[in-house]
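# Descriptive structure summary
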Amino acid sequence: MTAEEQKAEGQQPIAVEGVDISPKKDEGVLKLIKKEGTGNNTPMIGDKVFVHYTGWLLDGTKFDSSRDRKDKFTFDLGKGQVIKAWDIAVATMKIGEICQIICKPEYAYGSSGSPPKIPPSATLAFEVELFDFKGEDLSEDEDGGIIRRIRVKGEGYSKPNDGAIVEIHLEGHYGDRIFDERDLRFEIGEGESQNIPPGLERALQQMEKGEECMVHLKPMYGFGTAGNEKFQIPPNAELRYEVKLKSFEKAKESWEMNLEEKLEQGAIVKDKGTLFFKEGKFKQAILQYKKIVSWLDHESGLSGENETKARALILAAHLNQAMCHLKLKDYSPALENCRKALEIDSSNEKGLFRRGEAYLSVNDFDLARADFQKVLQLYPGNKAAKVQLAACQQKVKEQHEREKKMYANMFQRLAEKDAKVEAGKVQESGTLKEDVEMKEESEEASKVAQNESEK
């Protein structure tokens, strides 16, 4: 088809022009801005971007268009979800920008093409418009609480796991103020002791060696409602961190350890959790106790001394987690940990007592009383259980008094309502009688008047 024929059918050859933006400067990706964007920010690796595009072969044949589908195209930048030319070019764009991109085969679909529309070794042209981009949400519930934006991609695919030793450089920003800048080496799971907020620890577990990124934290993933006195961070503050993961040593996964290692490490982290508990770092303590359960809970075929050690460690882990949750006023997980502990030892003194405390805290007085009574039945010398049982019985008594008063008031209101209804009926009956008498008198008066008229 000639150029004239192409033009007549609305198909024209594409002019190969633009600025070379390829990393190797081999003219593999040429970019021509057709409409300038706004602002100074451009998308980063991992950002979710929203674009419209149209693609042509160099002879002007259109092979794809999101505009024709009336549906914007979305992808994660720099993750290999699109051709190389797109990851390179879109990273240079600003919101509102429209540009033309010329892509050589090695930055597009290579020597294979993408049949049937894109032939082998095809150079392609795209018009792309960038509408929006946003950082990667790393929060478990995807609530926007931990947003990462990658400045420099890391090496490989390995990432720090729970318990890994990491070396980082960080800058913490609150508003326009840098409140924290340091090089740091610590164990994932123990960040609180180093004034590292939980959201940043979670982000570190998604990073690769050498990665440099920005992490935005909402208050609940930062220093929360307490703030941080050392750094002069007020309650409910949003934070931003600049972080580089310089190196890390992964902790052994459960499947990498034999039973002896699990038992040995279980005793170590139990002591570490107890130390955190004594320091009032209950969340960090819980993380340590959880490790014990994850390592030993599904071990099978145990016997003798190993079975006794594993059972004691798992029982202690559940009991100690329950105590931590009670301190944090998280009563539902406290009850769950007590349940698991009592599955191991149904008459365990601490398990029954702490479950009673959890029930008492959620105003389930009957169940709480039953637990404290069982503690005293099995362990008569438990003075704390006697105190809690007395408190529980007082709560039950107060509850019964409130219910008695409530029902008395309710019955009184019902009686008053019935009395009003009855009085209304009597009044209505009297009114009806008066109406009948008046009607009869009226009819009699009418008859007399009629007789007088006839006379």
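I will try to describe carefully the structure that is included in this document.

Calculation rules
Residues numbered from 1 in each chain as written. Predicted model: local features only at pLDDT ≥ 70, side-chain atom pairs only at ≥ 80, totals over all residues. Heavy atoms only, no water. Helix = DSSP H or I, 4+ residues; strand = E, 2+ residues; numbered from the N terminus. Contact = heavy atoms within 4.5 Å. Areas by Shrake-Rupley, 256 points an atom, 1.4 Å probe, with all protein chains shown as cover. Salt bridge = Lys/Arg side-chain N within 4 Å of Asp/Glu carboxyl O. Expected span 1.5 Å × (residues − 1). Buried < 20%, exposed > 50% of the residue type's maximum accessible area, 1.4 Å probe, protein only. Polar contact = N/O pair within 3.5 Å; in protein donor to acceptor, adjacent residues only side chain to side chain. Phe/Tyr/Trp six-rings, centres within 6.5 Å; stacked < 30°, edge-to-face > 60°.

Once that is clear, we can look at the overall build of the protein chain. Helix and strand counts for the protein chain come out as 11 helices and 13 strands. In the protein chain, of all internal contacts separated by at least 6 residues, the share reaching a separation of at least 24 is 64%. With an accessible surface of roughly 26,400 Å², the protein chain has 49% of that area assigned to carbon and sulfur atoms.

Here we take up the pattern of salt bridges. Using the criterion set out here, one finds 30 salt bridges in the structure. Residues Glu-208 and Lys-153 are paired through a salt bridge, measuring 3.5 Å at the closest nitrogen-oxygen approach. A residue pair is termed long-range when its members are at least 10 positions apart, and Glu-208 in the loop between helix H4 (198-204) and strand S12 (212-217) and Lys-153 in the loop between strand S9 (146-152) and strand S10 (165-174) qualify at 55 residues. What emerges from the salt-bridge pattern is a single network uniting Lys-79, Glu-136, Arg-148 and Glu-211.

Look at helix H9 (residues 349-361): 18 Å from first C-alpha to last across 13 residues, which is about the 18 Å you get at 1.5 Å a residue. Every buried residue belonging to H9 is among Gly-351, Leu-352, Phe-353, Arg-354, Gly-356, Ala-358, Tyr-359 and Leu-360, and all of these are buried. Of the residues flanking the start of H9, the one acting as N-cap is Asn-348, its side-chain oxygen 3.1 Å from the backbone nitrogen of Lys-350. Two residues or fewer after H9 comes Asn-363, characterised by a positive phi angle close to 65°.

The next thing to look at is the packing of aromatic side chains. For the coordinates displayed, the defined rule picks out 13 aromatic pairs. Judged by centre distance (5.7 Å) and plane angle (75°), the rings of Tyr-53 and Phe-73 are edge-to-face. Placement of Tyr-53 in strand S3 (residues 48-57) and of Phe-73 in strand S5 (residues 73-76) is noted, with a sequence separation of 20 residues between them. Accessibility expressed as a relative area gives 6% for Tyr-53, which makes it buried. Relative accessible area serves as the criterion here: at 28%, Phe-73 is assigned to the partly exposed category. Aromatic pair Phe-179 and Phe-223: ring centres 6.5 Å apart, planes at 70°, arrangement edge-to-face. Taken together, the residues Phe-179 in strand S11 (residues 177-187) and Phe-223 in the loop between S12 and strand S13 (239-249) connect sequence positions 44 residues apart. Pair check on accessibility: Phe-179 and Phe-223 agree, each one buried.

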